[in-house]
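# Structural overview for review
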Amino acid sequence: METDSLFYQLFQQLPGTLFELLKLSAARAASYRFKSVELKKSLRIDGLFVPTKVKLPINVVEVQFQRVATFYANLVAKVFCYLDENDPKQEWVAVAIFPSRKEEPTNLGPYEDLLRSKRVKRIYLEEMTAVKNPTIGLGVLQLLFGTRTEVQEWAPRIVRRAEVEVADSDLQAKVVELVERLLLGRFPEYNREEIRMKFKLHDIRESKVWKEAHELGREENKRQMIGTLLAKGMSPAQIADLLNLPAEEVKQLTETSS
């Protein structure tokens, strides 16, 4: 499973998940921009939460699913390289994410002071996601550790919650794609259609609600465009010709725009 890509998509689509893992309010994500950063010294920060408000720290996020002795040396190097290239006065927090404690390096002596400080936060997903009724983001992460039977119960529940709790229909579809992608990685013996059948997933993009929402969005765009063209003095006939729309449709939209 390509965990770097999976977590990048998760934090990009549901940025509040990081702050939930840190036991902070998911609303804190509204004060950050999430991105991936290439540093000049051939280092790459896979996940960087950059604050949009002063006094908030940057959050440098690294996910490690295998034990690597140099993990903390590499993480600290990325933090200080970023500060050196950007703003050395910037407050910072390094977030180390492991599946469990078994993947963390064993020789922590050189980093003990930092690990005990507020500067480094260690997250063990297996422990953090072992909760009932998790949020959508934590629920997606739960799928990494559940048994096949548990995942068959949890996966459709996440999709249902996305339909109810997420107002953005595009984001709803992206949550489904994220769940499917994770399950394809966990159960490579199934193809995408088999995953959908086995775990009772349905594509939100095929639902009546999603289609109606997108149709409404297209209608709103048409109304706005027609309203703008009317304000510029164009007639409905001219607008119909310009937008390649039936005259009757333009007439109806003109009435609702005026």
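Described in the following lines is the structure provided in the data block. Computed from a predicted model, the values in this text were never measured in an experiment. (Residues numbered from 1 in each chain as written. Predicted model: local features only at pLDDT ≥ 70, side-chain atom pairs only at ≥ 80, totals over all residues. Heavy atoms only, no water.)

Tallying secondary structure elements over the protein chain gives twelve helices and five strands in all. Within the span of the protein chain, comprising 258 residues, buried residues form 43% of the whole. For the protein chain, the proportion of contacts with a sequence separation of at least 24, taken over those separated by at least 6, is 62%. Roughly 14500 Å² of accessible area belongs to the protein chain as shown, and the carbon and sulfur atoms make up 51% of that amount. (Helix = DSSP H or I, 4+ residues; strand = E, 2+ residues; numbered from the N terminus. Buried < 20%, exposed > 50% of the residue type's maximum accessible area, 1.4 Å probe, protein only. Contact = heavy atoms within 4.5 Å. Areas by Shrake-Rupley, 256 points an atom, 1.4 Å probe, with all protein chains shown as cover.)

Right, let's talk about the pairing of strand β2 (residues 44-51) for a bit. Regular strands place their side chains on alternate faces of the sheet. Buried residues dominate β2, accounting for six of its eight residues. Sheet topology note: the strand β1 (residues 32-38)/β2 ladder contains six bridges and is antiparallel. For K35, the partnering residue across the bridge sits in β2 and is L48. Linkage of β1 to β2, two consecutive antiparallel strands, is achieved through a turn of five residues, within which S42 is found at a positive phi near 60 degrees. Bridge count for β2 against strand β3 (residues 58-63) is three bridges, and the pairing is antiparallel. Within the sheet, the bridge partner assigned to F49 lies in β3 and is N59. Linkage of β2 to β3, two consecutive antiparallel strands, is achieved through a turn of six residues, within which K55 is found at a positive phi near 75 degrees. (Pairing = 2+ DSSP bridges.)

Another point: the sheet that holds β3. Reading across the sheet, the five strands line up as β1-β2-β3-β4-β5 and stay open at both edges, with mixed pairing between neighbours. Taken across any chain shown, the strands that pair with only one partner, and hence form the sheet edges, are β1 and β5 (120-124). On average, adjacent strands in this sheet sit at an angle of 25 degrees to one another, irrespective of strand direction. Examined bridge by bridge, strand β4 (residues 92-98) and β5 share five bridges and lie parallel to one another. (Axes fitted to C-alpha atoms, helices over the stretch in contact; angles between N-to-C directions.)

Attention now moves to the side chain of T17. Tracing the backbone shows T17 in helix α2 (residues 16-21). Classification of T17 by relative accessible area gives buried; the value is 2%.

Of all hydrophobic cores here, the largest spans 45 residues; its most connected members are I97, L143 and L183. Taken together, the elements giving at least two residues each to this core come down to α1 (3-13), α2, β1, β3, β4, α6 (136-142), α7 (148-165) and α8 (169-186). The biggest single contributor to this core is α8, with seven residues. Each residue touching L143, except ones within four places of it in the same chain, is listed here: V151, W154, A155, I158, V179, L182, L183 and R186. Among the nonpolar cores identified, the runner-up in size contains 24 residues, and L75, Y82, A94 and F98 belong to it. (Core = buried A, V, L, I, M, F, W, Y, C linked by side-chain atoms within 4.5 Å.)

This next bit is on the packing of α1 against α8. To describe two helices that pack against each other, one gives the angle between their axes and the distance between the axes. For the pair α1 and α8, interaxial distance at closest approach is 11 Å and the crossing angle is 160 degrees. By the angle between their axes, α1 is roughly antiparallel relative to α8. The element α1 and its partner α8 pack so that their crossing is left-handed. Here S5, L6, Q9, L10 and Q13 of α1 come into contact with α8, specifically with L171, K174, L178, R181 and L182. Class assignment of the residues belonging to the contact of α1 with α8 gives a composition of five nonpolar, three polar and two charged. (Parallel < 35°, antiparallel > 145°, perpendicular 65-115°, else oblique. Left-handed = near helix turned anticlockwise from the far one by under 90°. Nonpolar A, V, L, I, M, F, W, Y, C, P; charged D, E, K, R; others polar.)

The next point concerns the packing of aromatic side chains. Per the stated rule, a full pass over the model turns up 16 aromatic pairs. Judged by centre distance (6.1 Å) and plane angle (40 degrees), the rings of Y72 and Y111 are tilted. Of this pair, Y72 sits in helix α3 (residues 71-85) while Y111 sits in the loop between β4 and α4 (112-116), and the two are 39 residues apart along the sequence. Of the residues examined, Y72 reaches a relative accessible area of 2% and is grouped as buried. (Phe/Tyr/Trp six-rings, centres within 6.5 Å; stacked < 30°, edge-to-face > 60°.)

Let us now look at the environment of L108. Turning to its location among the elements, L108 is positioned in the loop between β4 and α4. Looking at L108, the relative accessible area reads 17%, which means it is buried. Placed 36 residues apart in sequence, L108 and Y72 show a C-alpha to C-alpha distance of 8.3 Å. Residues within four places of L108 in sequence aside, it is in contact with Y72, L115 and R122.

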